[in-house]
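Residues per chain are reported as follows:
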Amino acid sequence: GSTFEALASSRVTGSLWLDGGTLTGTGLVGYVQSVGGTISPGSPYGTLSTGSIVLDSLSRLELEVSSLGVNGFDQLSVIGAALIDGTLDVSTIPPFTGGVCGQVVPAASFSWVGSGRFRTVNGASLTTTRAWRPRYTNNALELTGYDPSLALGFASSKSLGVAEAGATTTVDVCLGRKAPMSAVS
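Residues numbered from 1 in each chain as written. Predicted model: local features only at pLDDT ≥ 70, side-chain atom pairs only at ≥ 80, totals over all residues. Heavy atoms only, no water.

Draft legend 1. Focus on the pattern of salt bridges. Taken as a whole and assessed by the stated rule, the structure comprises three salt bridges. Residue Arg-60 is joined to Asp-89 by a salt bridge in which the shortest nitrogen-to-oxygen separation is 2.7 Å. Of the two residues, Arg-60 sits in strand β9 (residues 60-65) while Asp-89 sits in strand β11 (residues 87-92), which places them 29 residues apart along the sequence. In this structure, Asp-85 and Arg-119 form a salt bridge, with 2.6 Å as the shortest nitrogen-oxygen distance. In this pair, Asp-85 is assigned in the loop between β10 (75-84) and β11 and Arg-119 in the loop between β12 (104-116) and β13 (120-122), connecting sequence segments 34 residues apart. The exposure class assigned to Asp-85 is buried, which follows from its relative accessible area of 17%. Arg-119 sits in the exposed class, given a relative accessible area of 64%. (Salt bridge = Lys/Arg side-chain N within 4 Å of Asp/Glu carboxyl O. Helix = DSSP H or I, 4+ residues; strand = E, 2+ residues; numbered from the N terminus. Buried < 20%, exposed > 50% of the residue type's maximum accessible area, 1.4 Å probe, protein only.)

Draft legend 2. Spatial organisation of the sheet that holds strand β6 (residues 38-41). The six strands are arranged β1-β3-β6-β9-β11-β13 in an open sheet whose pairing can be described as parallel. Edge positions in the open sheet fall to β1 (3-6) and β13, since each of these has one partner strand only. The average undirected angle you get between the axes of adjacent strands in this sheet is 15 degrees. Relative to strand β3 (residues 22-25), β1 runs parallel, the two sharing four bridges. Opposite Phe-4, over in β3, you have Leu-23 as the bridge partner. (Pairing = 2+ DSSP bridges. Axes fitted to C-alpha atoms, helices over the stretch in contact; angles between N-to-C directions.)

Draft legend 3. Structural view of the side chain of Thr-87. Here Thr-87 lies in strand β11. Given a relative accessible area of 10%, Thr-87 falls into the buried group. Ignoring any residue separated from it by four or fewer positions in sequence, one finds Thr-87 in contact with Ser-59, Arg-60, Leu-61, Phe-118, Thr-120 and Asn-122. (Contact = heavy atoms within 4.5 Å.)

Bear in mind that shape data such as this cannot, by itself, settle questions of function.
Here it is as structure tokens:
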């Protein structure tokens, strides 16, 4: 397949049928239908924006992470709906020490996720104590760092509550092999 690069200054409307090819860059393209194609945001790092996107079971989303700073990682921004399937390939670029418990990379944002999750995630395990885990929300995909060597047990399924001066807040908690992040309020 061919490679289509969306330049930072590009604004492409209409549809892009990606049949085994690669879409890369940091511009904006319209509707993207990938059949066995590769979506690779960044040049080398940055955000690729699309209208809506469909990734079939043979498609790939390739993300690179070199830091948690601005322009230190790739991101896919979908203005419309996203139907997700296929493979997520994560590359942590040395000398960055990624996958540390508590690190969060906003890998993708969606106006609406129609359905799906990646069937396969490659490159998530970095060491015995550092790894990335995809965390899906209604409108985002985050890579969250966690320690896969920690085994946690729970005595009950009751929720954990934190109260301080009557204020309610959400706190992210890294939980080892169990759920990667939990909302605590």
